[in-house]
Amino acid sequence: RPHALTLDWGRGADDGLAAHPVERARRGELAPDAQLVEVLDQLDRAATHVMRLAGVEKEIAWRASLLTLTRAFDLTHLKPELDVALVPFADLFNHPSASTLSSNPRALETDVVDLCIQSSTADGAFAVRAPRGFDAAAGDELFNWYSNAGHGHADPGDVAAWRWQENKFLYQYGFSMWD
């Protein structure tokens, strides 16, 4: 019996993916725009591979693909030839949000970017470093800046580009950065 069939996958009352836009679109609760249709198509292709390789039913393959998407990091900002990948170490850090920042009074006195781990490439190696400019004390939470998510877009007047980036983030991770 494949290992994938022994996992709970969070279905039922504790379904952490139930509110994800991809799942809502699949249930007919959300009319997908062209960008979400593209994500649905990509996940369908990924699920087809998972079904073939793992020998599981389509629904389990879909959920496995979506769970992977929600944990993946786009590394193309480091090097264009990189792709999306799982980065377990970076996944240890929470994303900055209104609720996580308000629980740390020192964080409210600091620019949010200065609270985030920094990823870079040096000599062809991937590196994750503590943030520069923030003197972290015991108990301070550091964050991972998942994506620019439209904030600070090079051309703030380009609403379409801002919305595309915002939706890209939402359709991948299932939440808006500042909700």
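Because the structure is predicted, anything quoted here is derived from the model rather than measured.

Definitions and limits used
Residues numbered from 1 in each chain as written. Predicted model: local features only at pLDDT ≥ 70, side-chain atom pairs only at ≥ 80, totals over all residues. Heavy atoms only, no water. Helix = DSSP H or I, 4+ residues; strand = E, 2+ residues; numbered from the N terminus. Buried < 20%, exposed > 50% of the residue type's maximum accessible area, 1.4 Å probe, protein only. Contact = heavy atoms within 4.5 Å. Areas by Shrake-Rupley, 256 points an atom, 1.4 Å probe, with all protein chains shown as cover. Salt bridge = Lys/Arg side-chain N within 4 Å of Asp/Glu carboxyl O. Expected span 1.5 Å × (residues − 1). pLDDT = per-residue confidence, 0-100. Phe/Tyr/Trp six-rings, centres within 6.5 Å; stacked < 30°, edge-to-face > 60°. Lys NZ or Arg CZ within 6 Å of the ring centre and 35° of its normal. Core = buried A, V, L, I, M, F, W, Y, C linked by side-chain atoms within 4.5 Å. Axes fitted to C-alpha atoms, helices over the stretch in contact; angles between N-to-C directions. Left-handed = near helix turned anticlockwise from the far one by under 90°. Nonpolar A, V, L, I, M, F, W, Y, C, P; charged D, E, K, R; others polar.

### Remarks on the overall build of the protein
Logical step 1: Along the backbone of the protein there are six helices and four strands.
Logical step 2: Secondary structure elements of the protein, listed N to C terminal, follow the sequence α-α-α-β-β-α-α-β-β-α.
Logical step 3: In the protein, which comprises 179 residues, the share counted as buried stands at 34%.
Logical step 4: A fraction of 55% describes how many contacts in the protein between residues 6 or more apart in sequence connect residues 24 or more apart.
Logical step 5: Element-wise, carbon and sulfur atoms account for 55% of the exposed surface of the protein, whose accessible area totals about 10,600 Å².

### As for the pattern of salt bridges
Logical step 1: The final tally for this structure, using the stated rule, is four salt bridges.
Logical step 2: In this structure, the salt-bridge partner of Arg26 is Glu59, at a minimum N-O distance of 2.9 Å. Highlighted residues: Arg26 in helix α1 (residues 21-26) and Glu59 in helix α3 (residues 58-71), separated in sequence by 33 residues.
Logical step 3: Among the residues examined, Arg26 registers a relative accessible area of 33% and is labelled partly exposed.
Logical step 4: On the basis of relative accessibility, which here comes to 29%, the residue Glu59 falls in the partly exposed class.
Logical step 5: Across the pair Lys58 and Asp44 runs a salt bridge, and its minimum N-O distance is 2.9 Å.

### Focus on helix α6 (residues 159-173)
Logical step 1: Taking 1.5 Å of rise per residue, 15 residues should cover 21 Å, and α6 covers 21 Å from first to last C-alpha, within 8% of that figure.
Logical step 2: Every buried residue of α6 is accounted for by Glu166, Asn167, Phe169, Tyr171, Gln172 and Tyr173.
Logical step 3: Against α1, α2 (34-54), α3 and β1 (72-74) lie the buried residues of α6.

### What about the confidence of the model for the protein?
Logical step 1: Looking at the protein as a whole, its pLDDT mean stands at 78, while 83% of the residues score no less than 70.
Logical step 2: Ranking the elements of the protein by mean pLDDT puts strand β3 (residues 118-122) last with 70 and α2 first with 94.

### Regarding the packing of aromatic side chains
Logical step 1: Enumeration over the complete set of coordinates arrives at one aromatic pair.
Logical step 2: Geometrically, the ring pair formed by Phe169 and Tyr173 is tilted, given 4.8 Å between the ring centres and 50° between the ring planes. Of this pair, Phe169 and Tyr173 both sit in helix α6, separated by four residues, roughly a single helical turn. As far as burial versus exposure is concerned, Phe169 and Tyr173 are alike and both buried.
Logical step 3: The ring of Trp62 carries Arg26 above its face, with NZ or CZ at 4.1 Å from the centroid.

### Observations concerning the nonpolar core
Logical step 1: Ranked by size, the top nonpolar core spans 14 residues in total, and within it Val22, Leu36, Val39, Leu40, Leu43, Trp62 and Leu66 carry the most contacts.
Logical step 2: Elements supplying a minimum of two residues to this core: α1, α2 and α3.
Logical step 3: Here the element with the most residues in this core is α2; it accounts for five residues.
Logical step 4: Setting aside its immediate chain neighbours within four residues, Leu36 contacts Pro21, Val22, Ala25, Leu30 and Tyr171.

### Quick notes on the packing of α2 against α6
Logical step 1: Contact geometry of α2 with α6 gives a least axis separation of 10 Å together with a crossing angle of 35°. Of the two elements, α2 crosses α6, and the hand of that crossing is right-handed. Taking contact as the criterion, the partners of Gln35, Leu36 and Val39 in α2 are, on α6, Trp164, Asn167, Lys168 and Tyr171.
Logical step 2: Of the residues in the contact of α2 with α6, the class split is four nonpolar, two polar and one charged.

### Observations regarding the side chain of Gln35
Logical step 1: With respect to the secondary-structure elements, Gln35 resides in helix α2.
Logical step 2: Contacts of Gln35, omitting those with residues within four sequence positions, involve Trp164, Asn167, Lys168 and Tyr171.

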